[in-house]
2 protein chains.
Amino acid sequence: MLNASLHGEIDLNAVTFLSPVTEEIKLVEERMRSQADEAHPDLRAALEHLLAAGGKRIRPTLGLLVGNMLGAPLEKLVTLGAAVELLHTATLVHDDLIDGALLRRGMPTLNARWSPPATVLTGDFLFARAAKLAADTDHLPLMKLFSETLATIVNGELTQMFTSRGLINRDNYYKRIYAKTASLFEMTSRAAAMVSPASEETIESMRDFGYQIGVAFQIVDDILDFVGEQSAVGKPLGSDLLNGLVTLPAIYYAEANPNDPDVLSLPNGGWTNNENMTRLVDNIRASDAAKLAMREAENHVEHALACLVSTEASAERDALENLAKYIVDRKV
Amino acid sequence: MLNASLHGEIDLNAVTFLSPVTEEIKLVEERMRSQADEAHPDLRAALEHLLAAGGKRIRPTLGLLVGNMLGAPLEKLVTLGAAVELLHTATLVHDDLIDGALLRRGMPTLNARWSPPATVLTGDFLFARAAKLAADTDHLPLMKLFSETLATIVNGELTQMFTSRGLINRDNYYKRIYAKTASLFEMTSRAAAMVSPASEETIESMRDFGYQIGVAFQIVDDILDFVGEQSAVGKPLGSDLLNGLVTLPAIYYAEANPNDPDVLSLPNGGWTNNENMTRLVDNIRASDAAKLAMREAENHVEHALACLVSTEASAERDALENLAKYIVDRKV
């Protein structure tokens, strides 16, 4: 848990992967903050609020570690990191509005304090500034990759909204978590390698590294939704299922219990029945579904670690290994 | 009036400026349409709906005419036109949602048919695709200009929302119409020149041309809000004032009638009183405010025409002149 100042505890794994870039992350935050310098004061205040709400800055950290390892210019990595984190922030602003979420990471969301119109426009402003930052890398392929990733993320959210509720389908699940999370991890790691003096082969390894830890990250998120401490996760246990989203632990449970009436009810809108879903969540928690899902996440981390094998030993490579391991060890 | 098929009449001025690029506009629409090829079917349907709702495609037309006149590659102009029109469409999608508008150009808005979440995400998707198209021009300065313009537009909308209601201020008005309309006209015309083999001086002239017709376009929009035929404008007369937006005709009226109690009430929220505002709208309509505002718009068109003087005679230059004149002659 990184928000030591907020929660009064420190996760040693996190510190290990962060330490090589602690100072550089401050530059990323500074770059993010400066994006509203000429904007309306209320917009500046909104950005401050979003920055203060923090988060682990795991995406910029990934970009900085990969780029530093491969000898990229720091300036481009800071710009890339700010672009990626602002894009991520923009999608969270619109997501929280759409979901009506009032808290994120224990802090009030923007939509909890602002009107929906102001929240929509703030998200749009962050998209605009993220695109500007991506252009500021002066790297056209990176720019294209960036806008394609944004399209992937948004198309994924729409697809989830329209056709994924109640669907028990592993392929659909993997597509969803790619759009939702892995695509941006993948893009960040790949882009950091693209602005480095790295071979095509190394760029591809770094792309795969980002993809694998992104997939693992989302699977662990989905596991924590079932087994995490509610106070740390910050939302009711099993909230995905109550929203009709069948994630990996639920898929494992459904595979082992195909005739469970609650499972059978899912594709027909059974997820709208709170009582049945609470029972299903309890049953999933009592099963080994979370353990099996975690094994699958660990497999992705193993794949990620294999992507690092051909790179030279360095402090950054060690930190990337720790980052990959942290993803499956974290509690929030 | 360009939507001849919808409204059963044809505006000859419009035809004159459109004719040199009629076929090329079809390429722009094709490029726009293809942006959802790999997206969710409902998203494809939404884009079809938005494209069918039409509009004058005045921005891509501007880009095509300027670029053709200056010898730009058609491919880049089509890409630029699609980027600009999609960006414009994205802002309309979010605007209509924010305003709760149910009709635009006589067609149901997206938010009239879709949920707010789906509408927010559709706008986001269009932003993403617009950014991708801008990157597809393979022209970094254009890409930066594009994302800066998006930030200007959104910041302008937020500023309008937070601090412009009831404000009778010409400087504030000009800033608003720059953000809302002129910035995108300016960007389009400038970008079309940037991808042409044109001198810096010509690029600056084209930037100014776009700026001037953009300003004129918005002033005329604001005049039509008072004096247009309600059926053609598609919203109640004086709707801006009823939303607290004091536009140029109202500013002229306020300058001539500083002691009108309805005018005096505006900065103190008097615009929320429907009865008083209806009276104020009637008084503005009965005054010469619209005529004075139109003269100001015509001045901007004169400035625009002066920007063309140093370019060689060509069919495109004639069409740009007609486009500039159309802007003050149009009825919708």
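Higher on the page you've got the structure.
Quick word on the overall build of chain A
Turning to step 1, where the next piece is worked out: Of the regular secondary structure elements, chain A holds 18 helices and 2 strands.
Turning to step 2, where the next piece is worked out: For chain A, the C-alpha radius of gyration of 20 Å lies close to 20 Å, the compact-globule estimate for 332 residues.
Turning to step 3, where the next piece is worked out: Counting only residues that meet the buried cut, chain A has 59% of its 332 residues in that class.
Turning to step 4, where the next piece is worked out: The contacts of chain A with a sequence gap of at least 6 include a subset with a gap of at least 24, amounting to 74%.
Turning to step 5, where the next piece is worked out: With the model as given, the accessible surface of chain A reaches about 13,100 Å², and the carbon-plus-sulfur share is 50%.
Turning to step 6, where the next piece is worked out: Within chain A, the 45 negative side-chain charges are centred at a point lying 2 Å from the centre of the 30 positive side-chain charges.

Comments concerning the relation of the copies chain B and chain A
Turning to step 1, where the next piece is worked out: Once turned by 180° and shifted 0.0 Å along the axis, chain B lies on chain A with an RMSD of 0.0 Å. Put plainly, the chains are arranged around a two-fold axis.
Turning to step 2, where the next piece is worked out: An overlap of 100% is found between the interface residues of chain B and their copies at the interface of chain A, pointing to a shared contact surface.

Some thoughts on unusual backbone geometry
All names here are of chain A.
Turning to step 1, where the next piece is worked out: The phi dihedral of Arg57 is positive, around 50°, even though this residue is not glycine.
Turning to step 2, where the next piece is worked out: Mapped onto the fold, Arg57 is located in the loop between helix 4 (41-52) and helix 5 (58-70).
Turning to step 3, where the next piece is worked out: By relative accessible area, which is 6% here, Arg57 ends up buried.

What about the pattern of salt bridges?
Turning to step 1, where the next piece is worked out: Inspection of the entire model under this criterion finds 36 salt bridges over all chains.
Turning to step 2, where the next piece is worked out: Measuring nitrogen to oxygen at the nearest pair gives 3.1 Å for the salt bridge that ties Glu23(A) to Lys26(A). Residue Glu23(A) and its partner Lys26(A) are located together in helix 3 (residues 22-33), separated by 3 residues, close to a single helical turn.
Turning to step 3, where the next piece is worked out: By relative accessible area, which is 48% here, Lys26(A) ends up partly exposed.
Turning to step 4, where the next piece is worked out: Notably, a salt bridge pairs Glu186(B) with Arg207(B), separated by 2.5 Å at the nearest N-O pair. Note that Glu186(B) is positioned in helix 10 (residues 170-194) and Arg207(B) in helix 11 (residues 200-227), a separation of 21 residues in sequence.
Turning to step 5, where the next piece is worked out: By sharing partners, the salt bridges in this structure join Lys132(A), Asp136(A), Asp138(A), Lys144(B) and Glu148(B) into a single network.

Some thoughts on helix 11 (residues 200-227) of chain A
Turning to step 1, where the next piece is worked out: With 28 residues, helix 11 of chain A extends 40 Å between its outermost C-alpha atoms, agreeing within 8% with the 40 Å of an ideal straight helix rising 1.5 Å per residue.
Turning to step 2, where the next piece is worked out: Helix 11 of chain A sits mainly inside the fold: 20 of its 28 residues count as buried.

Topic: the interface of chain B and chain A
Turning to step 1, where the next piece is worked out: In this assembly, 39 residues from chain B lie in contact with 39 residues from chain A.
Turning to step 2, where the next piece is worked out: Summing the contributions of chain B and of chain A, the shared interface buries around 3,500 Å²; its carbon and sulfur component is 76%.
Turning to step 3, where the next piece is worked out: Three residues, His40(B), Leu121(B) and Leu140(B), lead the burial of chain B against chain A; their summed loss comes to 17% of the area buried on that side.
Turning to step 4, where the next piece is worked out: Those elements giving two or more residues to the side of chain B that touches chain A turn out to be helix 4 (41-52), helix 6 (74-99), helix 8 (116-136) and helix 9 (140-163) of chain B.
Turning to step 5, where the next piece is worked out: Ranked by residues supplied to the side of chain B that touches chain A, first place goes to helix 9 of chain B with 15 residues.

Quick word on the packing of aromatic side chains
Residues and elements named next belong to chain A.
Turning to step 1, where the next piece is worked out: Inspection of the entire model under this criterion finds 8 aromatic pairs over all chains.
Turning to step 2, where the next piece is worked out: For the ring pair Tyr173 and Tyr174, a centre distance of 5.8 Å and an interplane angle of 90° mean the geometry is edge-to-face.
Turning to step 3, where the next piece is worked out: By relative accessible area, which is 0% here, Tyr173 ends up buried.
Turning to step 4, where the next piece is worked out: A ring pair is formed by Tyr178 and Tyr211, whose centres lie 5.9 Å apart and whose planes are at 50°; its orientation type is tilted. Of the two residues, Tyr178 sits in helix 10 (residues 170-194) while Tyr211 sits in helix 11, which places them 33 residues apart along the sequence.
Turning to step 5, where the next piece is worked out: Classification of Tyr211 by relative accessible area gives partly exposed; the value is 22%.
Turning to step 6, where the next piece is worked out: Positioned above the aromatic ring of Phe217, the side-chain terminus of Arg330 is 3.9 Å from the ring centre.

Quick word on the environment of Val215(A)
All names here are of chain A.
Turning to step 1, where the next piece is worked out: You can see Val215 is positioned in helix 11.
Turning to step 2, where the next piece is worked out: Given a relative accessible area of 1%, Val215 falls into the buried group.
Turning to step 3, where the next piece is worked out: Sequence spacing of Val215 and Leu121 is 94 residues, and the spatial spacing of their C-alpha atoms is 30 Å.

A few points about the environment of Thr89(A)
All names here are of chain A.
Turning to step 1, where the next piece is worked out: Structurally, the position occupied by Thr89 is in helix 6 (residues 74-99).
Turning to step 2, where the next piece is worked out: For Thr89, a relative accessible area of 11% gives the class buried.
Turning to step 3, where the next piece is worked out: Separated by 39 residues in the primary sequence, Thr89 and Leu50 place their C-alpha atoms 7.7 Å from one another.

What counts, and where the lines are drawn
Numbers given for residues are sequential positions, taken from 1 along each chain in its written order. Here the convention is simple: chains get letters from A, ligands get numbers from 1, in the order in which they are written. Restriction of local features to residues with pLDDT of at least 70 applies here, the model being predicted, together with a cutoff of 80 or more for giving and counting side-chain atom pairs; totals for whole chains, interfaces and linings are based on all residues. Hydrogens and waters are ignored; side-chain quantities use all the structure's heavy atoms. Going along the chain from the N terminus, every DSSP run of H or I of four or more residues is numbered as a helix, and every run of E of two or more is numbered as a strand. Throughout, radius of gyration means the C-alpha value; the globule benchmark is 2.2 Å times the number of residues raised to the power 0.38. The buried label goes to any residue with under 20% of its type's maximum accessible area, the exposed label to any with over 50%, and the partly exposed label to all in between, with areas taken from a 1.4 Å probe on protein chains only. By definition, residues are in contact when any of their heavy atoms lie within 4.5 Å. Methods summary: accessible areas were calculated by the Shrake-Rupley approach with a probe of 1.4 Å, and residue burial reflects only the protein chains presented. Neither His nor the chain ends is counted toward charge; the positive residues are Lys and Arg and the negative residues Asp and Glu. By convention, the point assigned to a charge is CZ for Arg, NZ for Lys, CD for Glu and CG for Asp. Least squares is the method used to superpose the copies, on C-alpha atoms of residues holding a pLDDT of at least 70 in both. For salt bridges, the criterion is a side-chain nitrogen of Lys or Arg within 4 Å of an Asp or Glu carboxyl oxygen. The span one expects for a helix is its residue count, reduced by one, times 1.5 Å. Buried area adds together the accessible area that both of two parts lose upon being put together, with accessible area traced by a 1.4 Å probe. A pair of aromatic rings is counted whenever rings of Phe, Tyr or Trp (Trp by its six-membered ring) have centres within 6.5 Å, and the orientation is called stacked for planes under 30 degrees apart, edge-to-face for over 60 and tilted otherwise. Should the NZ of a Lys or the CZ of an Arg lie within 6 Å of a ring centre and within 35 degrees of the ring normal, that charge is described as sitting over the ring.

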